[in-house]
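If you want the building blocks of each chain, they are given just below.
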Amino acid sequence: LKGTRKRHISHISSFSFKLNLCPVSKMPFFLFDPEYYKIKDATGLSQAQEMTAYLGGSMFQTVMDNPVTAYRQLVQQYAKDATGKTVSPKLAQAEANAVFKANPLGACMSGVLPRIIGVFFKRVPKFGFLLGISYALGEDSVGSKAAFGASIMSAPFINPIRMIEKQQRTAFKLTGKEKPILEILAEARAQNFRPLFRGTVPLIGHSMASALLGLVGQPQLQKYVQKELGSRSDVGRAVTGLIASAIVSPIYVVVTNPLSRLEVIMQTSKIGGKAISPMAAVREVGRDAAEFGLAGAFRGQGIGIVKAVISLTLFHEGRIWLTGAFRDHNIKNKVD
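Residues numbered from 1 in each chain as written. Predicted model: local features only at pLDDT ≥ 70, side-chain atom pairs only at ≥ 80, totals over all residues. Heavy atoms only, no water.

> Which residues make up the overall build of the protein chain, and what are the values?
Along its length, the protein chain carries 16 helices and zero strands. Once local pairs closer than 6 in sequence are excluded, the contacts in the protein chain between residues at least 24 apart make up 76%. When the accessible surface of the protein chain is totalled, it reaches about 17400 Å², and 67% of it is carbon and sulfur. (Helix = DSSP H or I, 4+ residues; strand = E, 2+ residues; numbered from the N terminus. Contact = heavy atoms within 4.5 Å. Areas by Shrake-Rupley, 256 points an atom, 1.4 Å probe, with all protein chains shown as cover.)

Structure below.
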């Protein structure tokens, strides 16, 4: 018995040692680590300041790009008429235009409240995991491993907000008004809030592409563009950011637009009705493509590229401005 107990203690000690070496095991506790608030020589910022800059940039982007976001959803949502029959992309776009003309301000600002709330409910987990994993891995800048991990781990926190945001716009065609949040939550509560997690599977893919291309790829490309153009001209940071976003955005939209379409199909169905599975949503896109070709498969592609350029540029400009403000504050006040 004594020998068995010793072996168990040995295995537990070995497991604990390996767990302590694992970066992900440290991640939930990084907020309580004094190192999280210590200024890093490589960046001139603390990890906490980087997180705040990411959230600030996201808040700025969320408010400013909401009209384009709302319009894109309606273009994709109106792929079917009231009887459930698939309509042409041109007719869907005309219906989206009619909604915006009937109530321009309401349509432009539809879904903005859950999106603003979502900056905290969606972005805190996403950026928390992103920067937390990066911090645990000892990276000086966010890399692909952190982006991959954050995409998967943050999805359950993000999806309910995206579902509510999309449900708010489902009533616009009939009533001209957005659906109240409390009404959406009441309908979801009747089914133990399970409908709020519809579309999680395509969201993970969408979030992964967004993190890899938008959060990791765009800043690296901007540095390259700034280096190349800076040596030949007086191009400012905002212009190089716009150029980098314009290069990344078409790639980003080609990858994410089909996933975004699946999300819209799964998340705009009636909460009280039967849920649409990922495979059923894929078949619906397939039928659309068979009837209307690539225009049917890639509804909202053009406006998606415009949205991506605007969103990426606004987010990174806001983030970079806050990053610079924090760095200047640290230098001026000799914070270490």
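> Break down the nonpolar core for me, citing the residues and quoting the values.
One finds Tyr54, Phe127, Leu130 and Val142 to be the most contacted residues of the largest nonpolar core, which totals 15 residues. Within the residue set of this core, elements represented by two or more residues are helix 3 (47–64), helix 8 (123–136) and helix 9 (144–168). Here this core takes five residues from helix 8, the largest share from any one element. Residues Ala70, Leu74, Val75 and Ala92 belong to the second largest nonpolar core, which totals twelve residues. (Core = buried A, V, L, I, M, F, W, Y, C linked by side-chain atoms within 4.5 Å. Buried < 20%, exposed > 50% of the residue type's maximum accessible area, 1.4 Å probe, protein only.)

> How would you summarise helix 4 (residues 66–77) if you had to cite specific residues and measurements?
Between its first and last C-alpha, helix 4 extends 16 Å over twelve residues, near the 16 Å set by a 1.5 Å rise per residue. Where burial is concerned, most of helix 4 is hidden: eleven out of the twelve residues are buried. Among the residues making up helix 4, those that are buried are Asn66, Val68, Thr69, Ala70, Tyr71, Arg72, Gln73, Leu74, Val75, Gln76 and Gln77. (Expected span 1.5 Å × (residues − 1).)

> Can you lay out empty space enclosed by the protein for me, pointing to particular residues and giving the numbers?
Across all of its chains, the model carries two cavities of 30 Å³ or more by this definition. Of the voids in this model, the largest cavity is the one considered here, and its volume is about 650 Å³. Considering the residues around the largest cavity, the lining is formed by 32 residues, among which Arg123, Arg162, His206, Tyr252 and Lys307 are closest to the centre. Among the elements that make up the lining of the largest cavity, the one with the highest residue count is helix 16 (residues 301–332) (seven residues). Of the residues in the lining of the largest cavity, the class split is ten nonpolar, twelve polar and ten charged. (1 Å grid on protein atoms, 1.4 Å probe; cavity = no way out; pocket = protein on both sides within 12 Å on 5 of 7 lines; lining within 4 Å. Points joined across faces, edges and corners; volume = space filled by probe spheres on them. Nonpolar A, V, L, I, M, F, W, Y, C, P; charged D, E, K, R; others polar.)

> Residues and numbers for the layout of surface pockets, please.
Space inside the largest pocket adds up to approximately 880 Å³. Lining the largest pocket we find 29 residues, and of these Gln77, Thr170, Thr268, Ser269 and Lys270 sit closest to its centre. Looking at the lining of the largest pocket, the elements that each hand over two or more residues are helix 4, helix 10 (172–175), helix 11 (181–189) and helix 13 (237–267). A per-class count over the lining of the largest pocket returns nine nonpolar, ten polar and ten charged.

> Just give me the short version of the packing of aromatic side chains, but keep the residues and values in it.
Per the stated rule, a full pass over the model turns up two aromatic pairs. Taken together, a centroid distance of 5.9 Å and an interplanar angle of 55° make the contact between Tyr54 and Phe315 tilted. Separated by 261 residues along the polypeptide, Tyr54 in helix 3 and Phe315 in helix 16 bring together distant segments of the chain. Grouping residues by exposure puts Tyr54 and Phe315 together as buried. Here Tyr71 and Phe100 contribute two aromatic rings whose centre-to-centre distance is 5.4 Å and whose plane-to-plane angle is 80°, an arrangement assigned as edge-to-face. (Phe/Tyr/Trp six-rings, centres within 6.5 Å; stacked < 30°, edge-to-face > 60°.)

> I'd love a proper account of the packing of helix 7 (residues 112–121) against helix 9, names of residues and values included.
In the contact formed by helix 7 and helix 9, the axes pass within 10 Å of each other and the chain directions differ by 180°. By the criterion of interaxial angle, the relationship of helix 7 to helix 9 is roughly antiparallel. Contacts from Pro114, Arg115, Gly118 and Phe121 of helix 7 reach helix 9 at Phe157, Ile161, Ile164, Glu165 and Gln168. In the contact of helix 7 with helix 9, the residues fall into five nonpolar, two polar and two charged. (Axes fitted to C-alpha atoms, helices over the stretch in contact; angles between N-to-C directions. Parallel < 35°, antiparallel > 145°, perpendicular 65-115°, else oblique.)

> Go over the pattern of salt bridges with me, naming the residues and quoting the values.
Scanning the entire structure with this criterion turns up three salt bridges. Between Glu263 and Arg162 there is a salt bridge; the shortest N-O distance is 2.8 Å. Of this pair, Glu263 sits in helix 13 while Arg162 sits in helix 9; the two residues are 101 residues apart in sequence, bridging distant segments of the chain. Neither residue differs from the other here; Glu263 and Arg162 are each classed as buried. (Salt bridge = Lys/Arg side-chain N within 4 Å of Asp/Glu carboxyl O.)

> Provide a residue-level description of the side chain of Asn330, including the pertinent values.
On the secondary structure map, Asn330 appears in helix 16. Under the relative-accessibility criterion, Asn330 is labelled buried at 4%. Residues within four places of Asn330 in sequence aside, it is in contact with Ile39, Gly44, Leu45, Gln49 and Val335.

> I'd like a description of unusual backbone geometry, backed by residues and values.
Outside of glycine, negative phi angles account for most residues, and trans bonds account for most peptide bonds. In this structure, Asn192 takes a positive phi of about 55° despite not being glycine. Here Phe193, not a glycine, exhibits a phi torsion of approximately 65°, which is positive. Tracing the backbone through its elements, the reader meets Phe193 in the loop between helix 11 and helix 12 (200–230). The exposure class of Phe193 is partly exposed, given its relative accessible area of 36%.

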